[in-house]
Amino acid sequence: MRLSRYFLPTLKEAPSDAQIVSHQLMLRAGLIKQEAAGIYAWLPLGLRVLKRIEQIVREEQERAGAVELLMPTLQLADLWRESGRYDAYGPEMLRITDRHERELLYGPTNEEMITDIFRGFVKSYKALPLNLFHIQWKFRDERRPRFGVMRGREFLMKDAYSFDIDEAAARKAYNRMFVAYLNTFARMGLKAVPMRADTGPIGGDLSHEFIVLADTGESQVFCDRKLVEMPVPGADVDWNDLQSIVDQRTALYAATEEMHDAGRFESETPEADRLTARGIEVGHIFYFGTKYSAPMKAHVAGPDGKDAPVHMGSYGVGVSRLLGAIIEASHDEGGIIWPDSVAPFDVVVINLRANDPAVCAACEDAVARLEALGKDVLHDDTDERPGGKFATADLIGIPWQLTIGPKGVAEGVVELKRRATGEKVSVPLDEALARVTA
């Protein structure tokens, strides 16, 4: 992609109302544009990152056995009346009346709708276990939207819903999502710590938040340091026997400030392992039994032929919120530092003299060879001054910067910079390509 033909409206300074680093950098790097309080347009660079995060989430859900579908953003109020949540949910729900006087709502979550879909098609325990997920835009009318995509009103979310014959089976489904989440966030370069959580308006008696540690996090968290240092389970785990992995993590103390018990923390955690930090919630999982299936009559016939309500869980990942969390955890004074797995482009090729035919030819060759190796390349072919090009490259955080100028062309070398470390080397193009693809 040629930068001269791309849409990348960067800013030298962040707007004064952008209070946290991720919001400032997302605006400055041209990832988003605010359209209303808590509502953002996703510009091309931001959309590329959003899609890459979405794909990682999708792959890990499917690896754990979940099946994708897509539900609408608008839901019938009558479904929520069946569960008893329509009047109880509160002013965060955006309620709508259409031209036929039907009451609708812009979905903040999908427990009711997925239960309705399930009960319409599944009648026997033989179809279980089942986990259905989608990645869809949602709306919650936050009283005070702030911090950019971290606490917006419209947001992209992955929500999955499990259906099982009894509590024992449902807890196995819960464990699968628990492990899937650990793997998901690790693939994005994040260390996520599961912490026992309040079930809130979703309901149930078992819930964990997944918290990413970041100096600029939104809330204070307390945990055993060993949780941060534990290796992730990985894709090759035995998906049918995950209890030991879950037990290993839930046995150690971890709590947000809302759930924190100072006495327990001190008694259960050696002083050297007590970690107090800031954190950002990026995922939340729930087991809530028959909270929705019982009132909505989502029953299946069991092995004994008797109908019983299924046991359910729900599992959310804030896909759009993850952009902010990644930036909060990975940035410097120059701008964003994207992990390779979610970066909008893999390499930016910087032409230091756009009016020099030899330099242009060398850049075109480098771009062609990188793309042949399967790399996404942004080619800065603009006539901006070198200092401006370097500043933009640092700001937007692409993992590799490959710079070509007249001196390098004459000497047969390019300059390769690793954004995360700042390391620079002048090497022949073949060696640069080998490093980028290693």
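First, a word on what this report is: a plain description of the structure on this page. Chains are numbered independently. Their residues run from 1 in the order of the written sequence. Predicted model: local features are reported for residues with pLDDT of at least 70 only, side-chain atom pairs are reported and counted for 80 or more only, and whole-chain, interface and lining totals are derived from all residues. With hydrogens and water excluded, all non-hydrogen atoms of the structure serve as input to the side-chain values.

## Structural notes on the overall build of the protein chain
And step 1. Only runs of H or I of at least four residues qualify as helices and only runs of E of at least two qualify as strands under DSSP, and these elements are numbered from the N terminus. Across its full length, the protein chain holds 13 helices and 23 strands.
And step 2. Atoms counted for the radius of gyration: C-alpha only. Globule rule: 2.2 Å times the number of residues to the power 0.38. Its C-alpha atoms give the protein chain a radius of gyration of 24 Å, within 12% of the compact-globule value 22 Å for 438 residues.
And step 3. Along the first, second and third principal axes, the C-alpha set of the protein chain runs to 80 × 60 × 45 Å.
And step 4. The contact rule is simple, with two residues in contact once any of their heavy atoms fall within 4.5 Å. Looking at the protein chain alone, contacts between residues at least 24 apart form 71% of all its contacts between residues at least 6 apart.

## Some thoughts on the packing of helix α2 (residues 44-63) against helix α5 (residues 167-187)
And step 1. Axis definition: a line fit to C-alpha positions, over the contact stretch in the case of helices; interaxial angles, taken between N-to-C directions, run 0 to 180 degrees. The interhelical angle for the contact between α2 and α5, taken along N-to-C directions, is 150°, at an axis separation of 9 Å. Comparing their axes, α5 and α2 come out roughly antiparallel. Judged by the sense of rotation from one axis to the other, the crossing of α2 with α5 is right-handed. Facing α2, whose interface residues are I56, V57, E59, E60, Q61 and R63, α5 presents M177, A180, Y181, N183, T184 and R187.
And step 2. Grouping the amino acids of the contact of α2 with α5 by side-chain chemistry returns 5 nonpolar, 3 polar and 4 charged. Any angle that falls under 35 degrees is termed roughly parallel, while one over 145 is termed roughly antiparallel, one within 65 to 115 roughly perpendicular, and all others oblique. Each crossing gets its hand from how the near helix is turned against the far one by less than a right angle, where anticlockwise is left-handed and clockwise is right-handed. Each residue receives one of three labels: charged for Asp, Glu, Lys and Arg, nonpolar for Ala, Val, Leu, Ile, Met, Phe, Trp, Tyr, Cys and Pro, and polar for the others, Gly being one of them.

## Brief notes about empty space enclosed by the protein
And step 1. Residues are said to line a cavity or pocket when one of their atoms sits within 4 Å of a point; the points come from a 1 Å grid over protein atoms alone, cavities being sets where a 1.4 Å probe fits but cannot get out and pockets being open sets with protein on both sides within 12 Å along at least five of seven lines. Grid points are joined across faces, edges and corners, and a volume is the space filled by probe spheres set on the points. For the structure shown, the criterion picks out 1 cavity of 30 Å³ or more.
And step 2. What the largest cavity holds in volume is close to 70 Å³.
And step 3. Of all elements in the fold, only β2 (39-42) and β8 (154-164) reach the threshold of two or more residues within the lining of the largest cavity.
And step 4. Class assignment for the residues of the lining of the largest cavity results in 5 nonpolar, 3 polar and 1 charged.

## Brief notes about the pattern of salt bridges
And step 1. The working definition used for a salt bridge is a side-chain nitrogen of Lys or Arg within 4 Å of a carboxyl oxygen of Asp or Glu. Under the criterion given, the structure shown has 33 salt bridges.
And step 2. E103 is the salt-bridge partner of R81, the closest N and O atoms lying 2.7 Å from each other. With R81 in helix α3 (residues 77-83) and E103 in strand β6 (residues 103-106), this residue pair connects regions lying 22 residues apart in the sequence.
And step 3. Whether a residue is buried, partly exposed or exposed follows from its accessible area with a 1.4 Å probe, protein chains only, as a fraction of its type maximum: under 20%, in between, or over 50%, in that order. Judged by its relative accessible area of 36%, R81 is partly exposed.

## Quick look at the sheet that holds strand β5 (residues 94-97)
And step 1. Note on pairing: DSSP must find at least two bridges between two strands before they are called paired. If you trace the 3 strands from one edge of the open sheet to the other, you get β4-β6-β5, paired in antiparallel fashion. The open sheet is flanked by β4 (74-76) and β5, the only strands paired with a single partner. The sheet shows a mean angle of 35° between the axes of neighbouring strands, taken without regard to direction.
And step 2. Where β4 meets β6, 3 bridges bridge the pair, whose relative direction is antiparallel. Bridge assignment links Q75 to a residue of β6, and that residue is L105.

## Let's talk about the nonpolar core
Note that soluble globular proteins tend to have their nonpolar side chains buried in a common cluster.
And step 1. Of all hydrophobic cores here, the largest spans 74 residues; its most connected members are L31, I53, F185, M188, F210, L323 and W338.
And step 2. Residues contacting L31, with those up to four places away along its chain left out, are M26, A41, W42, L43, L45, G46, L323, I327, I336 and W338.
And step 3. Counting 24 residues, the second largest nonpolar core, distinct from the first, contains Y86, F118, L128 and F163. Each nonpolar core is a collection of buried residues, namely Ala, Val, Leu, Ile, Met, Phe, Trp, Tyr and Cys, held together in the definition by side-chain atoms within 4.5 Å.

## Details of the packing of α5 against helix α7 (residues 243-250)
And step 1. Between α5 and α7, the least distance of the axes is 9 Å, while the angle of their chain directions is 70°. Comparing the axis directions of α5 and α7 gives the class roughly perpendicular. Along this stretch, α5 crosses α7, giving a crossing that reads as left-handed. Counted together, N175, F178, V179 and L182 of α5 and Q243, I245, V246, R249 and T250 of α7 form the full contact between these two elements.
And step 2. Looking at the contact of α5 with α7, its residues break down into 5 nonpolar, 3 polar and 1 charged.

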